[in-house]
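One letter stands for each residue in the lines below.
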Amino acid sequence: MLLPNDIKAILFDLDGTLRHNLPAGGEVVGEYARSLGLVVSGEDRTRCLRWEHSYWAKSSELLADLGRYEENSRDFWLNYNRRQLLAMGALEKHAAELAPLVSTYMEENYRPASIPAPEAQSALTHLKQAGLRLGVVSNREQPFVEELVHIGLDSYFEFSLAGGEVQSYKPEPGIFEAALKRIHSAAQETVYVGDNYFADVVGARNAGLRPVLYDPDGIYPEADCTVITSFAQLLEVLETV
């Protein structure tokens, strides 16, 4: 079944879109950094969130860090926390001093709950009833079906695809092309919904899909694409994508 605007399938990002950490790791880092004396404003936190999105979108920084710390994941996360602090506005020396404290705190205390996005189940029910084909595409290394089961969303999707399964990661076109083959849909008939502009919107657009940015925190006020702030808005924007 095709909608009036010829949309046949909708693909979703997983982390930050369908699935949320509660509390978010960046929020915990920010609060703990404040307790250590770092002044972090709302603007600083938004800037850091944008940096995090850019970093995880297969950035040159990420690739360099993965190579540098390939044998030591603890040092990778220590360096990542240092980069977070810099993105929040800390000076280099202060970030280097605080990063070991932040890294140890997160390792010992951060145990977030994994929850579905608010209103996701209702939206997915309506999309499936409308005859749309649904799938999940993530930059994770390993298959993540168990995660979808855990948050109660597995029954809505025909398939899920991790970048590590095809050795292609958003924003590269290969991961989107592999997903289109699995769902038997043409790029122009397919919408991709994700929260990371650099990985999801840029990647989907370059692969010919129609991007929808899920931005509940207003991280991208200048986004040049269709934007939703809740899953409740998804149905109503599909005819304008």
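What counts and how
- Residues numbered from 1 in each chain as written.
- Predicted model: local features only at pLDDT ≥ 70, side-chain atom pairs only at ≥ 80, totals over all residues.
- Heavy atoms only, no water.
- Helix = DSSP H or I, 4+ residues; strand = E, 2+ residues; numbered from the N terminus.
- Buried < 20%, exposed > 50% of the residue type's maximum accessible area, 1.4 Å probe, protein only.
- Pairing = 2+ DSSP bridges.
- Right-handed = clockwise from strand over helix to strand, strands pointing away.

Colleague: What am I meant to see in unusual backbone geometry here?
Modeller: Note: most residues except glycine have negative phi, and most peptide bonds are trans. A cis amide bond, omega -5 degrees, links Leu 22 with the succeeding residue Pro 23. Of the consecutive residues Lys 170 and Pro 171, the connecting peptide bond is found in the cis state with omega at 10 degrees. Its place among the elements puts Pro 171 in the loop between α8 (163–166) and α9 (173–183). Here Gln 167, not a glycine, exhibits a phi torsion of approximately 55 degrees, which is positive. The topology assignment puts Gln 167 in the loop between α8 and α9. The backbone phi angle of His 184 is positive, close to 55 degrees, even though this residue is not glycine.

Colleague: I keep staring at the pairing of strand β7 (residues 210–214) and nothing clicks. Help me out?
Modeller: Both faces of the sheet carry side chains from a regular strand, because those side chains alternate between them. In terms of residue burial, β7 counts as a mostly covered element, since five of its five residues are buried. Side chains Arg 210, Val 212 and Tyr 214 project from β7 onto one buried face, and the interleaved Pro 211 and Leu 213 project onto a second face that is buried too. Across four bridges, strand β6 (residues 190–194) lies against β7 in parallel orientation. Within β7, the residue paired with Gly 194 across the bridge is Leu 213. Tracing the backbone out of β6, into helix α10 (residues 197–206) and back to the parallel element β7 gives a crossover that is right-handed. Bridge analysis of β7 against strand β8 (residues 226–228) gives three bridges, and the strand direction is parallel. Paired with Val 212 across the two strands is Thr 226, which belongs to β8.

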